[in-house]
Structures are given as structure tokens and as C-alpha cells.
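Listed here are the chains, written in short residue letters.
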Amino acid sequence: MPAPYEILVLVKQVPDQSSKAGINADGTIDRAKAKRMLNPFDRYALQAALFTKKQYGGNVTAVSMGPPAALEVLLEALEHGVDKGVLLSDRRLAASDTLATAYALHKVILWLGKFDLIFCGLQTTDGDTAQVGPQIAERLNLPQVTYCEDFAIENDKAKARRIIEGGLQYVKSELPLLVTVANSYHQLEYKSFRGAWKVQWLQRKPDELKKYITTVDLDVVGALPDRCGLKGSPTIVAHTDKVGEIGGNCKMYEGASPKDLVDELLKAANVKEYVKA
Ligand SMILES: Cc1cc2nc3c(=O)[nH]c(=O)nc-3n(C[C@H](O)[C@H](O)[C@H](O)COP(=O)(O)OP(=O)(O)OC[C@H]3O[C@@H](n4cnc5c(N)ncnc54)[C@H](O)[C@@H]3O)c2cc1C
């Protein structure tokens, strides 16, 4: 008999970069004006979470950190069939870098209590660092499978296929486990009629909605404010350059070393100075 698993999926709301809304003249994003969407990579994580539930049994809880509008991505996750959602929303989180984000999210996970699997997207389309999942695994002292494109459970152990440079790697792991899901995993299935109908209904019944989506702040999950937001974020953006409109063309560079490639790219983008990390 398959065990019922407690499955978490981390979903982030990002600006819709296909829309011009909220794009300032200097190329920066005005998040208040930008159109919003579920991070495209998180659609694969959602599919992995829902498929795991369907195949082996369990509950799926979607977790997001963001401003109140991020509730939209949790509603979308409910439409697709997750059981519950948790939104961590707190003004003190503003300007969190990946260190602070992973700290805050791991506190939500600890507050939730039991979990067997945490699915994350590979990366986001705004921050784009791919660091949050691995940092959460480290903080929770969990094994992690990154770049996962196939996932199964056998005898209470995870079996996964992950992408590595030049090939594929087949790994097994104990649970609990954190998995970052690659965009070569199966596409997210359509929303269910039942899920879409339920969300329509819940949006008209705020008290009922609270039974499905809980909004928490730093105090509720026991996160230290000094380790979140600007105070908890050592990253400094020294300077931003706009390197041209995003177009449909792609040019491949072949350099002898990563340094050569970076130098070539900087030359092509006409960047004269840059700050080394
Ligand atoms: C140099 C730099 C400076 C930045 N400065 C600022 C700033 O000043 N102000 C600001 O607001 N942001 C800033 N950011 C963005 C912010 O750090 C990131 O958005 C945030 O830390 C998440 O990292 P990421 O988007 O790179 O996620 P990734 O690590 O690429 O995401 C991987 C996965 O982790 C999960 N995940 C990530 N974030 C969330 C979330 N919020 N909720 C739920 N799941 C999540 C998702 O499953 C996602 O697919 C900055 C980013 C960088 C790189």
C-alpha cells in the first residue's frame, strides 16, 4: 500500500515579462504595475507534486512568500488540485535576497510541521538564481535532488533522474527530500473543472477561503525580522545595465574557458566595466 505523503510545493508570483505593463524606460520592473503570473518553472513543480499525490496518495500544500497579491498563485494552485495553500506575507520581507527568502520559507515549512517531500521550481523568471530550493534543503538538513526531470517513489524511497552536464544521473534518496524540478518534466495538466469551480465559489466566501488558504506573517512562523528583508540580505546590487531588448535571436559563443566566454559576452554587450562578486 502506498503511504500517504505530506507534499509541499513552493510557488512564486513573478512579473509577466511577455507584457510591457510596468516596464520602466530604463528596463527595470515596477512590480506594482506589472502584470503578474505564476513563475513558469513552478508549473513543473506543481505537476510533480500533484502527480506524486495521485500516484502514491497524500496531501499537497502550496507555499508562497510575497505581497498579498501572491494569493493569486495559491488560488491557481487550488484550481489545479492542491489541497491547501499558505501565504507568508509581511512588509518586513521587502527586499529579501535569496538568503533571507530561503530563511523565511524554511521557517514556514518548520511551522507547518510534518512533510515528506518539498518540490520547488528550478529557478524563477525574475530573480533567476536557482538558489532558494538548495538553500532551504541545507537549512532543513535535507537531501536534495536538483534538476530533476523524472521522479518516482519505490519502497518509501525516492528514485529520480536528474540532468547533469553532458548526461543524466539516476539517483535514489531517503525521504524527506527536497526536489527542484526541471522544465523537461511533464507539463502541468489543465485545471480541473471541479478545482476551477471551487475557487470561483471560495472567492465569494472569504470565511470559507480561509479554511483553504492561510496567510501568516513572520511572528506566526517564528522568523526573526532581522534575518529577513533588507536587514537580512547581504546581496548588494552595485549597478544594473540594460543590455538590449530581449529578441528572438540567439547567438552561440564558443570560448576556450568560462572567462573567455564572459569576456566575449561583455564585449558583445558593450559593457566596459563590471563589478566582480
Ligand atoms: C542580485 C539580486 C538582488 C535582488 N534584490 C532584490 C530586492 O532588492 N528586492 C526584492 O524584492 N527582490 C530582490 N531580488 C530578488 C529576490 O532575491 C528573489 O526574488 C528571491 O530571493 C527568490 O530568489 P529567486 O527568484 O532567484 O528564486 P530561485 O532560487 O530562482 O527560485 C527557485 C524556486 O524556489 C522557490 N521560490 C523562490 N522564491 C519563492 C517565493 N517567494 N515563494 C515561494 N517559493 C519561492 C520556487 O519554487 C522557485 O521556483 C534580488 C535578486 C538578486 C539576484
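About the criteria used
- Residues numbered from 1 in each chain as written.
- Predicted model: local features only at pLDDT ≥ 70, side-chain atom pairs only at ≥ 80, totals over all residues.
- Helix = DSSP H or I, 4+ residues; strand = E, 2+ residues; numbered from the N terminus.
- Rg over C-alpha atoms; globule rule 2.2 N^0.38 Å.
- Buried ≥ 20, exposed ≤ 12 C-beta atoms within 10 Å, placed from the backbone.
- Contact = placed C-beta atoms within 7 Å.
- Pairing = 2+ DSSP bridges.
- Axes fitted to C-alpha atoms, helices over the stretch in contact; angles between N-to-C directions.
- Parallel < 35°, antiparallel > 145°, perpendicular 65-115°, else oblique.
- Left-handed = near helix turned anticlockwise from the far one by under 90°.
- Nonpolar A, V, L, I, M, F, W, Y, C, P; charged D, E, K, R; others polar.
- Near = placed C-beta within 6 Å.

Let us now look at the overall build of the chain. Scanning the chain from N- to C-terminus turns up eight helices and eleven strands. For 277 residues, the compact-globule formula gives about 19 Å, and the C-alpha radius of gyration of the chain, at 20 Å, lands near that figure. Expressed as lengths along the three principal axes of its C-alpha atoms, the size of the chain is roughly 60 × 40 × 40 Å. Each of the 277 residues in the chain was classed as buried or not, and the buried ones make up 31%. Within the chain, residue pairs in contact and separated by at least 24 positions form 69% of the contacts whose partners lie at least 6 positions apart.

A separate point is the pairing of strand S1 (residues 5-10). With five of six residues buried, S1 is to be regarded as a mostly interior element. Across six bridges, the pairing between S1 and strand S4 (residues 58-65) is parallel. Among the inter-strand pairings, Val9 is bridged to a residue of S4, identified as Ala62. Here S1 runs beside strand S6 (residues 117-121); their pairing, made up of three bridges, is parallel. In the sheet register, Val9 faces S6, and the bridge partner there is Phe119.

Cis geometry marks the peptide bond from Leu175 to Pro176; its omega dihedral reads 0°. Locating Pro176 in the fold gives a position in the loop between strand S9 (167-174) and strand S10 (177-181). Phi is positive for Asn141, close to 60°, though the residue is something other than glycine. The residue Asn141 is located in the loop between helix H4 (132-140) and strand S7 (144-154) in this model.

With their axes 9 Å apart at the nearest point, helix H3 (residues 98-112) and H4 run at an angle of 55° to one another. Judged by the inter-axis angle, H3 sits oblique to H4. Note on packing geometry: the crossing formed by H3 with H4 is right-handed. Between H3, through Thr98, Thr101, Ala102, Tyr103, Leu105, His106 and Ile109, and H4, the contact on the second element is made entirely by Val132, Gln135, Ile136, Arg139 and Leu140. In terms of residue class, the contact of H3 with H4 is built from seven nonpolar, four polar and one charged.

The residue Asp116 is located in the loop between H3 and S6 in this model. A residue is classified by how many C-beta atoms lie within 10 Å of it, and Asp116, with 19 of them, is partly exposed. Taking C-alpha positions, Asp116 is 15 Å from Phe51, a pair spaced 65 residues apart along the chain. Residues contacting Asp116, with those up to four places away along its chain left out, are Tyr5, Glu6, Ile7, Leu175 and Pro176.

In the vicinity of the ligand, 31 residues are found, and the nearest of them are Thr101, Gly121, Gly127, Thr129 and Val132. Of the residues contributing to the shell around the ligand, the split by class is twelve nonpolar, 14 polar and five charged.

Right, let's get into the pairing of S6. With five of five residues buried, S6 lies mostly within the body of the structure. The alternating pattern of S6 places Leu117, Phe119 and Gly121 and Ile118 and Cys120 on opposite faces, both of which are buried. Pairing between S6 and S10: five bridges, direction parallel. In the strand pairing of S10, Cys120 is matched with Thr180.

So, about the packing of helix H2 (residues 71-80) against helix H5 (residues 193-203). Interhelical geometry of H2 versus H5 gives an angle of 140° and a closest axis separation of 6 Å. In terms of their interaxial angle, H2 and H5 are classed as oblique. For the pair H2 and H5, the contacting residues are Leu75, Leu78, Glu79 and His80 in the first and Gly195, Ala196, Lys198 and Val199 in the second. Looking at side-chain class alone, the contact of H2 with H5 contains four nonpolar, two polar and two charged residues.

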